[in-house]
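These are the residues of each chain, in order.
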Amino acid sequence: MPMPHRTFAEVAKRRLVGKEGSERVATIRALLGELPGYRNGPYADLRKWLEGELDRTRLRAKVIHRDSLQVRREGAAQIALVGPPNAGKSSLLQALSDIQIKTGDYPFTTLRPVPALTRIGAVLVQLVEIPGLIEGAHEDRGGGRALLGVLRNADAIVYCRAAGEPPAALDVVLREVAAAGIEKPAIVVLTKADELPDGGAGATESTPAFEAVVRVSVLDDESLDRLRDAIWALTGLIRVRPRRDGRVDDEPFALPVGATVADLAERIHHDVGRACTGGRVWGPSARFGGQRVGRAHVLADGDVVEALVR
Ligand SMILES: Nc1nc2c(ncn2[C@@H]2O[C@H](COP(=O)(O)OP(=O)(O)O)[C@@H](O)[C@H]2O)c(=O)[nH]1
Ligand SMILES: [Mg+2]
């Protein structure tokens with residue numbers, strides 16, 4: 001004896017209240033399974049209504065998904081590449097990592113944020129190209145809110161503009177980022193330096209106060225290395241390699257600027273962190289190779305450290 005159709009409709013509505021996404025889909029499916037299989041009449045109408053709900057739920061899930069464009073974080077830091085269309089962002093991403101992405105001579109070749117991992121001094125850093133930040137992005141023009149959301153999650157920003165373009169080419173993007181209230185450590189990269197007779201040297205002066213201005217060409221490996229160094233400086237991280245029994249690990253730890261010997265020991269292992277009495281240091285923060293230091297000794301990028309335990 002099936003539930004009266006009016007009761008079923010009531011129960012169905014109550015079970016769907018407050019449910020969205022996969023939870024709602026599962027509930028609708030369960031309800032469809034409980035529904036008597038009449039082809040006509042009120043039960044058939046209920047089936048049609050539930051099937052419609054299924055479609056609408058799926059559509060909403062898709063829209064929500066597009067609205068967020070989340071980029072899964074990988075690596076020690078996440079650096080966003082922004083700039084006007086055709087600034088060479090995709091080309092840089094490609095040159096700095098080994099992914100294949102579309103590049104083109106026309107605007108908006110890339111429509112979604114594209115993440116790529118690059119290795120800087122043996123540490124993986126995630127670069128994310130953020131395309132199409134147009135005038136009004138902070139008011140969601142061109143799906144700008146979601147793109148700015150990705151930017152908000154990043155640790156730092158690399159503004160890209162072609163060296164041959166006027167500085168104003170970055171104005172729209174800078175304004176939109178500011179209007180969204182996003183403030184991050186940032187550098188400017190003058191791209192396609194090979195296209196100018198002076199390699200873009202003249203364009204450098206015209207760029208206002210950023211942490212650094214780097215001229216690059218994807219055709220010039222040295223310029224890409226300088227860019228890697230500048231990006232590393234932006235991360236606010238230092239690379240420290242641990243030494244154990246006279247052997248230095250190839251894999252550095254990425255630690256925040258200001259990290260101490262005790263912080264490194266903690267990263268090696270919680271027990272080492274607790275038992276650490278200090279360390280021996282080789283590298284920029286040591287006055288001489290193998291200097292004996294205490295737990296609170298502040299490390300520097302490029303240090304090698306042997307943690308001493310009691
Ligand atoms: N000569 C030269 N052309 C470049 C360089 N980087 C990018 N381009 C060209 O500039 C155009 C736009 O590049 P793309 O990476 O798609 O720009 P995006 O829109 O900012 O991602 C493409 O035709 C690239 O081949 C460079 O360093 N030198
Ligand atoms: Mg692109």
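Structure: above.
Residues numbered from 1 in each chain as written. Chains lettered and ligands numbered in written order. Predicted model: local features only at pLDDT ≥ 70, side-chain atom pairs only at ≥ 80, totals over all residues. Heavy atoms only, no water.

Trainee: I'd like a description of the pattern of salt bridges, backed by residues and values.
Mentor: Applying the stated criterion to the full structure yields 10 salt bridges. The partner of Asp225 in a salt bridge is Arg228, with the nearest N and O atoms 3.0 Å apart. Residue Asp225 and its partner Arg228 are located together in helix H8 (residues 221–235), separated by three residues, close to a single helical turn. Looking at Asp225, the relative accessible area reads 41%, which means it is partly exposed. Across the pair Asp301 and Arg239 runs a salt bridge whose closest N-O atoms are separated by 2.8 Å. (Salt bridge = Lys/Arg side-chain N within 4 Å of Asp/Glu carboxyl O. Helix = DSSP H or I, 4+ residues; strand = E, 2+ residues; numbered from the N terminus. Buried < 20%, exposed > 50% of the residue type's maximum accessible area, 1.4 Å probe, protein only.)

Trainee: Before we move on, could you go through the environment of Ser90 and cite the residues and values that matter?
Mentor: Among the secondary structure elements, Ser90 is positioned in helix H4 (residues 89–96). The buried category is assigned to Ser90, whose relative accessible area is 8%. C-alpha separation for the pair Ser90 and Pro131, spaced 41 residues apart in sequence, amounts to 9.0 Å. Only 2.6 Å separates the side chain of Ser90 from the side chain of Glu129, close enough to count as a polar contact. (Polar contact = N/O pair within 3.5 Å; in protein donor to acceptor, adjacent residues only side chain to side chain.)

Trainee: Can you explain the nonpolar core? Please cite residues and give values.
Mentor: One finds Leu92, Val158, Ile187, Leu227 and Ile231 to be the most contacted residues of the largest nonpolar core, which totals 28 residues. Top contributing element to this core by residue count: H8, with six residues. One finds Val82, Ile157, Tyr159 and Val173 within the second-largest nonpolar core, a separate group that totals 25 residues. (Core = buried A, V, L, I, M, F, W, Y, C linked by side-chain atoms within 4.5 Å.)

Trainee: Lay out the pairing of strand S11 (residues 291–294) in plain terms, naming residues and giving numbers.
Mentor: In S11, alternate side chains face the same way, and those of Gln291 and Val293 are buried while those of Arg292 and Gly294 on the opposite face are not. When strand S10 (residues 276–282) meets S11, the two strands line up antiparallel, connected through four bridges. Note that in S11 the partner of Gly279 across the bridge is Val293. (Pairing = 2+ DSSP bridges.)

Trainee: Got a sec to walk through the packing of H4 against H8? Specific residues and values, please.
Mentor: H8 packs onto H4 with a crossing angle of 95° between their chain directions and a minimal axis gap of 11 Å. Between H4 and H8, the crossing angle belongs to the class labelled roughly perpendicular. The segment H4 lies against H8, with Leu92, Ala95 and Leu96 engaging Leu224, Leu227, Arg228 and Ile231. Looking at side-chain class alone, the contact of H4 with H8 contains six nonpolar, no polar and one charged residues. (Axes fitted to C-alpha atoms, helices over the stretch in contact; angles between N-to-C directions. Parallel < 35°, antiparallel > 145°, perpendicular 65-115°, else oblique. Contact = heavy atoms within 4.5 Å. Nonpolar A, V, L, I, M, F, W, Y, C, P; charged D, E, K, R; others polar.)

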